[in-house]
Every structure is written in C-alpha cells, then in structure tokens.
Amino acid sequence: MQFDQGSFHKIKTLDCPENIIPIFQPPHSPELNQIERFWEFLKSKLQWENCKTLAQLRQKLDEILETITPEIIPSLTSDEFIFEALFSAAS
C-alpha cells in the first residue's frame, strides 16, 4: 500500500498485516499518486465546460463518469514506472 506524505497520513505507529507492505512516496511527488492522474483526466474533460450552476456541473461530471469503463481505470491509475519509482524510493 502506498502513502503520500500528506500530514493526514502520518501516525506514530502503523500496524500492517504481513501481506501489506507500506511504501511512502517521496515528498512533493504527485506524479506517483494514481488518484492525481484520475483528477487530471477529469479536469481535462471539464476544462472547456462553462457550467453556470452546480447542477450543471454535476450533470456534466455524471456524463463523464458514465464513459469510464473498467478498461480505462488501469490506464489512468497504474503504470509500471510508478511502482518502480516507489520501490526504488523505499530502498
């Protein structure tokens, strides 16, 4: 399981099961955080939208989310270089 360096992820002790390996990302490395890539995807789809109300924004966001297939999720959230970078940073 990977953690970024957000203060909300820092605790005094971390009790992980044996089959979970905690990997901490280097500070200030959003490119290693998969959710950041997903947010980038969503923002790119919304960048030319001019929603005048929150309801319009919600509608557009619903439309975008409906287009995301199970095949798209891995392309947005996983890359081998992310895991290589995390494992090399952990050693």
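Residues numbered from 1 in each chain as written. Predicted model: local features only at pLDDT ≥ 70, side-chain atom pairs only at ≥ 80, totals over all residues. Heavy atoms only, no water.

Student: Explain the nonpolar core residue by residue, including any values.
Tutor: Core analysis: the biggest nonpolar cluster contains 6 residues, these being Phe38, Phe41, Leu42, Ile64, Ile68 and Leu76. With 3 residues, the top contributor of residues to this core is helix α1 (residues 34–46). When near neighbours in sequence (up to four residues on either side) are disregarded, Leu76 contacts Gln34, Arg37, Phe38 and Phe41. (Core = buried A, V, L, I, M, F, W, Y, C linked by side-chain atoms within 4.5 Å. Buried < 20%, exposed > 50% of the residue type's maximum accessible area, 1.4 Å probe, protein only. Helix = DSSP H or I, 4+ residues; strand = E, 2+ residues; numbered from the N terminus. Contact = heavy atoms within 4.5 Å.)

Student: Residues and numbers for α1, please.
Tutor: Taking 1.5 Å of rise per residue, the 13 residues of α1 would be expected to cover 18 Å, and the 19 Å separating its terminal C-alpha atoms lies within 8% of that figure. Of the residues making up α1, those classed as buried are Gln34, Phe38, Phe41 and Leu42. One side of α1 holds all its buried residues, which, seen down the axis, span an arc of 95 degrees. Opposite the buried face of α1, by more than 90 degrees, sit the exposed residues Glu40 and Lys43. (Expected span 1.5 Å × (residues − 1). Arc of directions from axis to C-beta.)

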